Amino acid sequence: MKKIFKYALLFAAAFTMSASFCSCGDDDDDEGQELTEKELAMKDITAQYVENVIYPIYSSLASQTDDLYNKLVSAKAKYRAGSITQSDIDQICTTFLNARSAWESSEAFLYGAATDFGIDPHIDTWPLDRVALAKALSNKEVIEDLDDLDGDGIDNARLNVGEQQLGFHGIEFIIFRDGKNRTVSALKGVETDEAFAGRNITGEEELVFAAAVAGDLRDKCFQLEVSWLGDNAPKAHRDRVEECEFNTTVVGSDFSYGENMLNATQLGSTMTTWRRVMSTILVAGCSNICAEVAGQKIGQAYLGTDLDYIESPYSQKSYFDFFDNISSIQYSLNGQQSSQPHANSIMAYLQKYNSSMASELKAKLDAALNALTKAKAGTPFVLEPHSANAKAAMDAINELDDALNEASSWIAAN
């Protein structure tokens with residue numbers, strides 16, 4: 001399951017981050033010293049990256065999950081009133097996919113609050129434990145606890161529902177099946193999934209569950225947004241995070257994660273040099289998600305290690321998730337949500353100081369995105385795990401991973 005693998009990845013990422021938090025003999029602290037031309041460029045790169053990649057993506061994620069929660073609350077009420085329509089379900093599915101895309105587009109910067117506060121495994125663990133979910137939804141006390149959204153319903157979801165039923169994939173199961181939007185007629189009947197056999201679970205119980213879990217998902221995405229944007233996050237989101245008593249600052253510091261990175265080398269920041277910031281972006285961020293996509297998200301099923309280890313099996317959007325993951329690398333390298341590099345970006349920096357490396361890195365990035373574009377247009381990965389498309393995508397992403405680490409090493413040494 002993803003959670004177990006992620007802990008191993010996050011240990012490695014934490015090691016990288018820890019290294020960046022400590023001064024080293026060959027990489028002196030920049031505080032109080034005049035910055036070199038390259039260090040000034042790295043400072044500008046950091047500002048562009050934080051303010052034009054991380055901030056807007058996490059803000060979009062917070063907004064989309066808030067919308068998803070509200071739509072599911074409304075759908076629950078309409079279901080009980082007998083007025084729910086297919087249009088209602090279709091709008092929920094569209095909002096879900098928008099939120100999902102925002103989340104997957106953030107995975108090149110999981111090294112921050114998403115890791116430190118355990119948000120990633122909390123909202124994005126798979127495979128879904130359908131047996132445990134069926135048992136929970138057949139328990140009247142559980143449903144009553146989740147139904148009380150004006151009281152402790154969302155807290156009950158957060159604290160009492162297991163990670164293998166929470167987050168995106170628990171909701172995905174309720175609103176999608178076989179790559180299609182769930183139908184109103186299906187929700188008005190009894191759940192037919194084999195794990196639910198004999199339990200007579202109705203769409204009402206499923207929507208009660210989905211609404212409460214969506215509330216928890218929204219709250220954790222608010223936490224991500226506030227942790228990075230600090231006081232620049234919407235007041236309503238900050239108020240909700242405070243009500244939930246979530247941590248939002250870097251451990252041992254009063255800085256938000258955005259402030260911590262923007263104030264690298266300054267007193268109070270755990271980032272000691274600008275080159276360490278670049279390494280964090282390239283290795284703890286971009287390389288980390290490359291390894292997960294190629295080795296786990298695709299590799300587990302392709303190699304036959306675990307044929308049930310499929311991300312987004314109910315919407316059948318696996319390759320869309322992976323494409324957004326690699327797009328998050330593209331945005332991180334380009335300093336903006338674009339296929340073109342901003343003047344203050346890692347890619348522009350490499351083009352100026354090592355054009356051949358920049359060209360190689362761009363070629364590997366384009367190859368990975370092209371392989372996933374082809375895979376998206378073919379048979380959904382969930383239906384054909386041993387496809388040539390899967391192998392081509394794995395190989396291209398692994399080559400991109402190598403290029404990212406080479407770029408990081410070169411920047412650190414030059």
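Comments concerning the overall build of the protein chain
When its secondary structure is counted, the protein chain shows 18 helices and 2 strands. In summary, the protein chain has a C-alpha radius of gyration of 22 Å against a globular reference of 22 Å for 414 residues, a match within 12%. Taking all 414 residues of the protein chain together, the buried fraction comes to 55%. Put simply, 77% of the contacts in the protein chain that link residues at least 6 apart link residues at least 24 apart.

Side note on unusual backbone geometry
In this model, Trp 126 is joined to Pro 127 through a cis peptide bond whose omega is 0°. Tracing the chain through its elements places Pro 127 in the loop between helix 5 (119–123) and helix 6 (130–137). Of note in this structure, Asp 178 is not a glycine but carries a positive phi near 55°. Along the chain, Asp 178 turns up in the loop between strand 1 (176–177) and strand 2 (180–181). Here Asp 178 falls in the exposed class, since its relative accessible area comes to 59%. Backbone geometry places Ser 312, a non-glycine residue, at a positive phi of 55°. Relative to the elements of secondary structure, Ser 312 occurs in the loop between helix 14 (274–302) and helix 15 (318–334). You can call Ser 312 buried: its relative accessible area is 2%.

Details of the packing of aromatic side chains
Applying the stated rule across the entire model yields 15 aromatic pairs. Linked through ring pairs, Phe 96, Trp 103, Phe 168 and Phe 176 together constitute an aromatic cluster. Taking NZ or CZ as reference, Lys 38 lies 4.9 Å from the ring centre of Tyr 353, over its face. It is Arg 100 that lies over the ring of Phe 168; its NZ or CZ is 5.0 Å from the centre.

What about the state of the cysteines?
What we call a disulfide is simply a covalent bond connecting the sulfur atoms of a pair of cysteines. Under the criterion given, the structure shown has 0 disulfides. No disulfide involves Cys 93; its sulfur sits 18 Å from that of Cys 221, the nearest cysteine. Here Cys 221 stays free of any disulfide, with the sulfur of Cys 244 as its closest cysteine sulfur at 12 Å.

A few points about the nonpolar core
Nonpolar side chains tend toward joint burial in soluble globular proteins. By size, the foremost hydrophobic cluster in this structure holds 128 residues, and its most contacted members are Leu 72, Trp 228, Ile 298 and Ile 329. Here the element with the most residues in this core is helix 2 (residues 37–81); it accounts for 16 residues.

Focus on the pattern of salt bridges
Within the structure shown, the criterion is met by 29 salt bridges. Note that Lys 78 is salt-bridged to Asp 88, the shortest N-O span being 3.0 Å. You can see Lys 78 sitting in helix 2 and its partner Asp 88 sitting in helix 3 (residues 86–104), a full 10 residues away along the chain. You can call Lys 78 partly exposed: its relative accessible area is 29%. A salt bridge links Arg 158 to Asp 216; its shortest N-O distance comes to 2.8 Å. Separated by 58 residues along the polypeptide, Arg 158 in helix 8 (residues 153–160) and Asp 216 in helix 11 (residues 203–229) bring together distant segments of the chain. Judged by relative accessible area, Arg 158 falls into the buried class, the value being 11%.

What to know about a negative patch on the surface
A surface patch of negative charge is lined by Glu 141, Glu 144, Asp 145, Asp 148, Asp 150 and Asp 152. Of note, Asp 150 is situated in the loop between helix 7 (140–147) and helix 8.

A look at the packing of helix 8 against helix 11
Put simply, helix 8 and helix 11 touch, their axes get as near as 8 Å, and they point 80° apart. Classified by the interaxial angle, the pair formed by helix 8 and helix 11 is roughly perpendicular. Listed contacts from helix 11 to Gly 153, Ile 154, Ala 157 and Arg 158 of helix 8 are Ala 212, Val 213, Gly 215, Asp 216, Arg 218, Asp 219 and Lys 220. Its residues assigned to classes, the contact of helix 8 with helix 11 comprises 4 nonpolar, 2 polar and 5 charged.

Brief notes about the confidence of the model for the protein chain
The share of residues in the protein chain with pLDDT of 70 or more is 92%, and the mean pLDDT across the chain is 92. Low pLDDT (under 50) marks residues 3–31, which in the prediction has 53 contacts with non-local residues, meaning those over four places away or in another chain.

Topic: helix 8
Taken as a whole, helix 8 has its buried residues at Gly 153, Ile 154, Asn 156, Ala 157 and Arg 158. Buried residues along helix 8 sit against helix 2, helix 5, helix 7, helix 11 and helix 12 (235–244).

A few points about the packing of helix 15 against helix 18 (residues 388–413)
Any two packed helices are characterised by how steeply their axes cross, that is the angle between the axes, and by the distance between the axes. Close contact between helix 15 and helix 18 brings their axes to 13 Å; oriented N to C, the two are set at 20°. Judged by the inter-axis angle, helix 15 sits roughly parallel to helix 18. Between helix 15 and helix 18 the crossing geometry is left-handed. The residues of helix 18 that touch helix 15, namely those facing Tyr 319, Ile 326, Ile 329 and Leu 333, are Asn 389, Ala 390, Ile 397, Leu 400 and Leu 404. By residue class, the composition of the contact of helix 15 with helix 18 is 8 nonpolar, 1 polar and no charged.

Scoring rules and cut-offs
Residues numbered from 1 in each chain as written. Predicted model: local features only at pLDDT ≥ 70, side-chain atom pairs only at ≥ 80, totals over all residues. Heavy atoms only, no water. Helix = DSSP H or I, 4+ residues; strand = E, 2+ residues; numbered from the N terminus. Rg over C-alpha atoms; globule rule 2.2 N^0.38 Å. Buried < 20%, exposed > 50% of the residue type's maximum accessible area, 1.4 Å probe, protein only. Contact = heavy atoms within 4.5 Å. Phe/Tyr/Trp six-rings, centres within 6.5 Å; stacked < 30°, edge-to-face > 60°. Lys NZ or Arg CZ within 6 Å of the ring centre and 35° of its normal. Disulfide = S-S within 2.5 Å. Core = buried A, V, L, I, M, F, W, Y, C linked by side-chain atoms within 4.5 Å. Salt bridge = Lys/Arg side-chain N within 4 Å of Asp/Glu carboxyl O. Patch = residues over 30% accessible without salt bridge, like charges linked within 9 Å, V, L, I, M, F, W, Y side chains within 5 Å. Areas by Shrake-Rupley, 256 points an atom, 1.4 Å probe, with all protein chains shown as cover. Lys, Arg positive; Asp, Glu negative; His and termini not counted. Charge placed at Lys NZ, Arg CZ, Asp CG, Glu CD. Axes fitted to C-alpha atoms, helices over the stretch in contact; angles between N-to-C directions. Parallel < 35°, antiparallel > 145°, perpendicular 65-115°, else oblique. Nonpolar A, V, L, I, M, F, W, Y, C, P; charged D, E, K, R; others polar. pLDDT = per-residue confidence, 0-100. Left-handed = near helix turned anticlockwise from the far one by under 90°.

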